[in-house]
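Survey of secondary and tertiary structure
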Amino acid sequence: MGGEDRHGGIADASAEGDVNLSANRRDWQDANIGPETRALLEADSRHFLHQSLSTPCMDALVEADGIYLVDVEGRRFIDFHGNNVHQVGYRNPRVLAAVRAALETLPFSPRRFTNRYAIDLAARLASLAPAPLGKVLLAPGGAEAIGMALKLARLATGRHKTVSMWDSFHGASLDAISIGGEAVFRRGIGPLLPGTEHVPPCDPRACLYGCGGTCSARCADAVEYVLSKEEDVAAVVVETVRCTDVQVPPPEYYRRLRAACDRHGALLILDEIPIGLGRTGRMFAFEHYGIVPDMVVLGKGLGGAVWPMAALLVDAKLDVAGDRALGHYTHEKSSVGCAAALATLDCLVEDGLLARAGAIGRVMDGRLRALAARSSLVGEVRTIGALCGVELVRADGSPARDEAERVMYACLTAGLSFKVGQGNVLNLSPPLVIDDAELDRALGILEQAILAVAAGG
Ligand SMILES: Cc1ncc(COP(=O)(O)O)c(C=O)c1O
């Protein structure tokens, strides 16, 4: 592994998102970027620390509106990426009105005070979640909320170990990368947190337990095996649906995981930061599985594509750390962020966006399966709600990484933005406010790009 190739940078950098140093990116920039953008990108590169997956950047934006991003050149991209913050679209009028009202009355709420926005949000989240999830802690970002969950698990169980999944992502902080499983975040940065055991994720494509593409949930039994050997694991931490390449475990997987945690006294923590709050067609993705975790972590879209907001929602009986600081973040009970979150939840519920996610997903899934029948470049299509992973494969079955990147840049040229996960999976995550005509247009762009790349274009 490692070394520059045409696909770009360090091969492992393809895990969480597309790489930012590839020849394909340079080609795209040469063809699409004018002097004003180039000057901005150079200034960005001069002032910001360089890091994998972001700086240097690809392009510069001036506007985000509804389902669209607009760059300096005036190019409009339908945004099927949005870092998964944009369920309700950009500049959603209801969210902006709520944010403005809070900004003009209570722009900040110092931590020793509470405020009506924060109280209403905590109550609202608890009312949306099934029992016994009933107590909330807010944070300004997903990684911080994951950190709070890990601390609470330690305090509640008196244990410090965790079991989590290789290839998972839980945020970029040191504690989050310790339980995360992506080399690009972990390599050369240790020592990481002690006691963070990793097991293979439920990934039928690369199952080590020989499930042959139809999950037999033996990977869940492997978690139980570790829990039985370690005996002192505080928590099992999982992305309910792994977002980067859309891995959707079967119901049996979570039934076994829940039972294993109960048998061995470990808490089940589900990370739904990018995929909770409507993305999968349910408010919480775990609702697809008929289980309830001990803790669920939310983020991203909670802030309505405006404000950094995350939340830890836990079994009320885990309210056991009254004399410790679990979060203590400056913007913990952000009045403005909570106003944005309340308006976002209103939109999700009152505008029928959960049902819309399902409808969008059925269209995406149908169109891409039909394309798979026409083009061998399209391998597996995995869809849950309005989240779709399209795996590109070569004739020999190997991951079509360069092709995936070329499809992505062809789509950007034609006005559609999305992310590539795990190197060869097109990750389609449209705003839930997209209408049928816009969805049709976006899928048309994608189909054309895939067919052109498959034909050697
Ligand atoms: C599954 C998952 N967990 C945690 C995080 C971290 O969230 P944040 O970037 O807000 O810290 C992310 C962000 O991409 C994520 O996808």
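Preceding this paragraph is the structure being described.
The model shown is predicted, which means the values in this text are computed figures rather than measured ones. (Residues numbered from 1 in each chain as written. Predicted model: local features only at pLDDT ≥ 70, side-chain atom pairs only at ≥ 80, totals over all residues.)

Ranked by internal contacts, the top residues of the largest apolar core, which has 141 residues, are A149, V236, I269, V297, L312 and A340. Considering each element in turn, this core owes the most residues, ten residues, to helix α10 (residues 335-350). For this core, the two domains that each supply at least three residues are domain 1 (11-74 + 353-454) and domain 2 (93-350). Those residues in contact with V297 that sit more than four places away from it in its chain are G142, A145, I146, A149, I269, D271, E272, I273, A310 and L312. (Core = buried A, V, L, I, M, F, W, Y, C linked by C-beta atoms within 7 Å. Buried ≥ 20, exposed ≤ 12 C-beta atoms within 10 Å, placed from the backbone. Helix = DSSP H or I, 4+ residues; strand = E, 2+ residues; numbered from the N terminus. Domains from an automatic or database assignment. Contact = placed C-beta atoms within 7 Å.)

To continue, consider the sheet that holds strand β4 (residues 133-139). Taken together, the seven strands give an open sheet; going across it, the order is β4-β10-β9-β8-β7-β5-β6, and neighbouring strands pair in mixed fashion. The sheet terminates laterally at β4 and β6 (196-199), the two strands that pair on one side only. For this sheet, the mean angle separating the axes of adjacent strands, direction not counted, is 20°. In this sheet, strand β9 (residues 295-298) lies alongside strand β8 (residues 267-271) in parallel orientation, the contact comprising three bridges. The residue of β9 that forms the bridge with D271 is V297. Packing of helix α4 (residues 116-128) onto the sheet brings it into contact with β4 and β10 (310-315), and relative to β4 it is tilted by some 135°. On top of the sheet, helix α8 (residues 218-230) reaches β5 (161-165), β6 and β7 (233-239); it is set at about 150° to β6, its chief contact. (Pairing = 2+ DSSP bridges. Axes fitted to C-alpha atoms, helices over the stretch in contact; angles between N-to-C directions.)

Before going further, it helps to examine helix α11 (residues 353-374). The end-to-end C-alpha distance of α11 is 31 Å, a good match for the 32 Å that 22 residues give at a rise of 1.5 Å each. Those residues of α11 that fall on the buried side of the exposure criterion are L353, L354, R356, A357, I360, G361, M364 and L368. Summarising the axial view, the buried residues of α11 lie within an arc of 140°, below the 170-degree limit, and thus occupy one face. For α11, exposure combined with an orientation more than 90 degrees from the buried face picks out A370 and A373. (Expected span 1.5 Å × (residues − 1). Arc of directions from axis to C-beta.)

Looking now at the packing of helix α12 (residues 401-414) against helix α13 (residues 436-454). Where α12 contacts α13, the axes come no closer than 9 Å and their chain directions differ by 135°. In terms of their interaxial angle, α12 and α13 are classed as oblique. The crossing of α12 and α13 is right-handed. Here α12 contributes E403, R406, V407, A410, C411 and A414 to the contact with α13, which in turn contributes I445, L446, A449, I450, A452 and V453. Of the residues in the contact of α12 with α13, the class split is ten nonpolar, no polar and two charged. (Parallel < 35°, antiparallel > 145°, perpendicular 65-115°, else oblique. Left-handed = near helix turned anticlockwise from the far one by under 90°. Nonpolar A, V, L, I, M, F, W, Y, C, P; charged D, E, K, R; others polar.)

In this section: the environment of L326. Locating L326 in the fold gives a position in the loop between β10 and α10. Apart from the residues lying within four places of it in its own chain, the contact partners of L326 are L137, M148, K151, L152 and A321.

Before going further, it helps to examine the site of the ligand. If you check the shell around the ligand, you find 14 residues, and the closest are G141, G142, A143, G171 and I273. Its residues assigned to classes, the shell around the ligand shows seven nonpolar, five polar and two charged. (Near = placed C-beta within 6 Å.)

Geometric values such as these leave the question of function open.
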